[in-house]
Amino acid sequence: LKRMFEGDNHAPAAAPEVRIINFSIGDPVRAFHGVMSPLARLLDWLSYKYNVLFIISAGNIQGQVIPLECNIEEFKTKRQEEISKYISKALTDNCIEHKIFSPAESINNLTVGAVHVDSSSIPDYPAMVNPFDCLHPAIYSTFGGGHRNSIKPDLLYNGGRQLLYDKYVYE
């Protein structure tokens, strides 16, 4: 950033006109638990110093297992509306696993999460379940409170749909 806005080694600033910077890196080891991370504080300071906006990813979770109250075959016979309600409740009940990743708790910047939406068609796969039939945060996207209980992410955008495989749900 110093090289972009101030220059370095007697060279002029490389990109002083830049005002938005994509920072889509989240640290899953440092989920937000009430204290802002050093990286979030650094990005807040840099955004102020250089008058830029960082677009920050809320973070993505992979391989999450969702417990079922019935066997998978019975679960697949439920109406899509029932499946969506069940998955929503399971994610809400397990929200501790969905905490935003550092530096998504940044205050002066924009944190973006994913919505379970895309423009592809979903083929009928017998070993897969579509978790949502309506607009809903993606099952892999993190969410939750930020600094002083601010709502994070600040913005949701189409992130693609993730179907659930049999191996990600269990009895």
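Basis of the calculations
Residues numbered from 1 in each chain as written. Predicted model: local features only at pLDDT ≥ 70, side-chain atom pairs only at ≥ 80, totals over all residues. Heavy atoms only, no water. Helix = DSSP H or I, 4+ residues; strand = E, 2+ residues; numbered from the N terminus. Phe/Tyr/Trp six-rings, centres within 6.5 Å; stacked < 30°, edge-to-face > 60°. Buried < 20%, exposed > 50% of the residue type's maximum accessible area, 1.4 Å probe, protein only. Pairing = 2+ DSSP bridges. Axes fitted to C-alpha atoms, helices over the stretch in contact; angles between N-to-C directions. Contact = heavy atoms within 4.5 Å. Core = buried A, V, L, I, M, F, W, Y, C linked by side-chain atoms within 4.5 Å. Lys, Arg positive; Asp, Glu negative; His and termini not counted. Salt bridge = Lys/Arg side-chain N within 4 Å of Asp/Glu carboxyl O. Polar contact = N/O pair within 3.5 Å; in protein donor to acceptor, adjacent residues only side chain to side chain.

Caption draft 1: How the structure looks around unusual backbone geometry. In the segment running from S102 into P103, the intervening peptide bond is cis, with an omega of 5°. The step from K152 to P153 runs through a cis peptide bond, and the omega angle for that step is 0°. If you check the backbone angles, N51 has positive phi at about 55° while not being a glycine. Inspection of the secondary structure puts N51 in the loop between α2 (38-50) and β3 (53-57).

Caption draft 2: The packing of aromatic side chains, seen in detail. Evaluation of the coordinates by the stated rule reveals one aromatic pair. Here F5 and Y50 contribute two aromatic rings whose centre-to-centre distance is 5.0 Å and whose plane-to-plane angle is 20°, an arrangement assigned as stacked. Here Y50 lies in helix α2 and F5 lies in helix α1 (residues 2-5), a separation of 45 residues in the sequence. Classification of F5 as buried rests on a relative accessible area of 14%.

Caption draft 3: Quick peek at the pairing of β3. One ladder, built from four bridges, connects strand β1 (residues 20-23) with β3; its direction is parallel. Bridged to N22 within β3 is I55. With three bridges joining them, β3 and strand β6 (residues 110-115) adopt parallel strand pairing. Its bridge partner being in β6, I55 is matched across the sheet by L110.

Caption draft 4: Structural detail: the sheet that holds strand β10 (residues 155-158). Here we have four strands laid out as an open sheet, ordered β1-β3-β6-β10, and parallel in their pairing. The outermost strands of the open sheet, each flanked by one partner alone, are β1 and β10. Strand-to-strand twist in this sheet, taken as the mean axis angle between neighbours without regard to direction, amounts to 30°. Bridge count for β6 against β10 is four bridges, and the pairing is parallel. Looking at β10, one finds that V115 is bridged to N158. Across the face of the sheet, α2 comes into contact with β1 and β3 while running at roughly 155° to β3.

Caption draft 5: Summary view of the nonpolar core. Within the largest apolar cluster, 14 residues are counted, with the highest numbers of intra-cluster contacts made by V52 and F54. Of all the secondary-structure elements, those providing two or more residues to this core are α2 and β3. Of the residues forming this core, the biggest block, four residues, is contributed by α2. Ignoring sequence-local partners within four residues, the contact set of V52 consists of F5, V18, R19, I21, L46, S47 and N109. Ranked by size, the runner-up nonpolar core spans 13 residues in total, among them I66, F75, I87 and A90.

Caption draft 6: Main features of the side chain of E105. Note on placement: E105 falls in the loop between β5 (101-102) and β6. Buried within the structure, E105 lacks any salt-bridge partner; R30 is the closest side chain of opposite charge, at an N-O distance of 5.9 Å. At 2.7 Å, the side chain of E105 and the backbone nitrogen of S37 are in polar contact. Beyond its immediate chain neighbours, meaning those up to four positions away, E105 contacts F32, V35, M36, S37, A40, I100, H147 and K152.

Caption draft 7: A look at the environment of L39. In this structure, L39 sits in helix α2. Considering only alpha carbons, one finds L39 and E105, 66 residues apart in sequence, at a separation of 9.5 Å.

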